[in-house]
Structures are given as structure tokens and as C-alpha cells.
Amino acid sequence: GINAEYMGALVLPPLIMKKYNVLFRFLNVVLRIQTSLNLLCKKLAMYSRLIDGICTRYSHYKSQKGRWRQSHAAVLFLRHRMSHFIDNIAYYLQVDVLDTHYTRLQQEVAKATNFQSALAAHQAYVGGLVSSCFVDNAVVFGSLEPLFMQCVQLVTLTDSKLDFPASVVSEADRLECPAALQQLEALDLEEVTGLTAEFNQSLVLLYALLSSKRHQSLLSGLLLRLDYNEVLGAEAQAFQPGHR
């Protein structure tokens with residue numbers, strides 16, 4: 001009979017397995033960041049209600065509402081920009097890359113006349129994934145890493161500062177909690193503004209880099225979605241060769 005272990009080693013030799021492991025780790029990082037930013041949205045909504053609740057219940061804090069709102073708006077804006085970036089990276093990986101290459105693999109396997117042809121199609125499929133996901137491109141991947149780290153930094157920053165004890169679960173409990181005012185004072189506007197500037201610069205650099213590879217068909221959709229309002233493209237022009 002057929003030796004399943006032997007056939008598995010033919011289809012998934014160590015080099016192919018190594019490439020799959022790199023791809024899965026990369027996709028997992030993107031998914032975890034995307035999930036964390038979505039959860040952060042709920043926490044910021046709670047923070048907004050807390051501002052209104054404190055200022056309604058304790059009128060002498062109304063003078064602080066504008067400052068608290070400013071800090072909240074800064075984090076909300078940055079989270080929105082980060083979510084737009086990471087959601088489009090996730091969409092590119094899932095739809096533009098994985099779905100496209102898998103459809104191509106199915107077509108090639110259907111046309112294969114022997115095992116070697118099917119095996120070659122699978123190897124080309126894995127190679128295409130690695131290339132399209134940038135994990136074999138040190139320059140592009142090196143430009144993605146700071147953006148991922150800055151997303152994690154915002155989540156870590158807000159998680160550490162906007163956090164009530166586990167026993168405090170309701171809106172009323174939060175208003176009565178001694179930590180409520182500490183939560184409102186926790187966000188450092190200067191720190192958030194600095195992180196926003198770093199993220200914007202990293203995003204412009206990535207866009208400029210990807211634009212230089214625009215001839216790669218799979219990238220056109222990603223670039224269009226990232227630069228939905230054409231601001232990013234204009235800023236990236238400053239980094240293009242020959243720009244004055």
C-alpha cells in the first residue's frame with residue numbers, strides 16, 4: 001500500500017514546512033493585532049461614557065471634560081488609522097494573496113498529468129505565497145515590523161492605563177470606583193501624539209516602498225485601499241527617487 005509518511009515527506013519536505021511555519025506565524029501576528037485593535041474600540045467607548053458620567057455626576061469636573069475628550073479623541077483617531085492599515089493588510093493577505101494563489105493551485109493540479117506536475121504546482125504555490133506576503137523580502141518586511149510594533153504599543157499603552165479591577169463590571173460601579181478619575185487622567189496626550197507621528201511616518205515609508213513595486217499585480221488593490229483619500233500617496237511622493 002501507499003506509505004502515507006513517505007508521501008507526506010514528498011509533498012511537505014523540510015524546506016516547504018519551514019516556509020509554511022513562517023507564513024503561519026506572520027498571519028497569526030496580523031490576526032492578533034487586528035483582534036486587539038477591535039477590542040480596544042470597546043474600551044474606548046467605555047472611556048467615553050465614563051467621561052460623560054463623571055462630568056454629569058460631579059459638576060466640578062466639567063472644566064476637565066475638554067481635556068479628557070482631547071486625549072480620548074487622539075487615541076480614537078490613532079486606533080482608527082491603525083485599524084484601517086491592519087484590516088487592509090489582512091484583506092490583502094486573505095483575498096488578494098491566499099485566495100488568488102489557492103485558485104491558481106487548484107487549476108494547475110486539475111491540469112496535472114502526473115504526480116510530479118502536481119508537486120511542482122504546490123511548490124510554486126508556496127513560493128508565491130512567501131513572495132506575496134513579503135516574508136522573503138527583508139526591506140518590505142522590515143518596513144512592516146515597525147507598524148506592527150506601533151499597533152501593539154498603542155494597545156499596551158491603553159490596556160495598562162484604562163483598566164478597572166475585575167470586580168468593577170457595570171457603568172454605575174465604574175462611576176463609584178475610586179480609580180475612575182485615575183483612568184481619565186491616565187492617557188498622556190503627548191505620548192499618544194508622538195506615537196501617531198511615528199506611525200504616520202512608518203506608514204508613508206511603507207507606501208512609498210510598495211509603490212515602487214506597483215507593477216506586481218496583487219499590490220494594486222492594497223495600494224488603492226491604503227490610499228483611499230489620496231493623502232498617503234501625496235505624502236509618499238517625497239520619498240520617491242527624483243522627487244524635488
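Scroll up to find the structure.
A short tour of the structure in this document, coming up. A quick note: this is a predicted structure, and the numbers were derived from the prediction, not measured.

### Focus: unusual backbone geometry
Okay, step 1: Phi at Phe134 is positive, roughly 70°, even though this residue is not glycine.
Okay, step 2: Its place among the elements puts Phe134 in the loop between α4 (115-132) and α5 (138-161).

### What about the pattern of salt bridges?
Okay, step 1: This structure, assessed with the given rule, holds five salt bridges.
Okay, step 2: A salt bridge links Arg69 to Asp52, with the nearest nitrogen and oxygen atoms 2.8 Å apart. Pair noted here: Arg69 is in helix α3 (residues 65-111) and Asp52 is in helix α2 (residues 14-57), with a separation of 17 residues, a long-range link.
Okay, step 3: Asp52 gets classed as partly exposed once you look at its relative accessible area, which sits at 31%.
Okay, step 4: Look at the salt bridges and you will find they share partners, linking Asp52, Lys65 and Arg69 into a network.

### A look at the nonpolar core
Okay, step 1: Counting 60 residues, the largest nonpolar core has Phe85 and Leu144 as its most contacted members.
Okay, step 2: If you list the elements that add at least two residues to this core, you get α2, α3, α4, α5, α8 (189-211), α9 (219-226) and α10 (231-236).
Okay, step 3: In terms of residues, this core owes the most to one element, α2, which gives 14 residues.
Okay, step 4: Once residues lying within four places of it in the same chain are set aside, the contact partners of Leu144 are Phe26, Phe85, Ile89, Phe134 and Leu206.

### Topic: α3
Okay, step 1: Taking 1.5 Å as the rise per residue, α3 with 47 residues should run 69 Å; its terminal C-alpha atoms sit 66 Å apart, in good agreement.
Okay, step 2: Of all the bends found along α3, the most pronounced is centred on Tyr92 and spans about 30°.

Reading the values: the criteria
- Residues numbered from 1 in each chain as written.
- Predicted model: local features only at pLDDT ≥ 70, side-chain atom pairs only at ≥ 80, totals over all residues.
- Heavy atoms only, no water.
- Helix = DSSP H or I, 4+ residues; strand = E, 2+ residues; numbered from the N terminus.
- Salt bridge = Lys/Arg side-chain N within 4 Å of Asp/Glu carboxyl O.
- Buried < 20%, exposed > 50% of the residue type's maximum accessible area, 1.4 Å probe, protein only.
- Core = buried A, V, L, I, M, F, W, Y, C linked by side-chain atoms within 4.5 Å.
- Contact = heavy atoms within 4.5 Å.
- Expected span 1.5 Å × (residues − 1).
- Bend = angle between axes of the 7 residues up to and from the residue.

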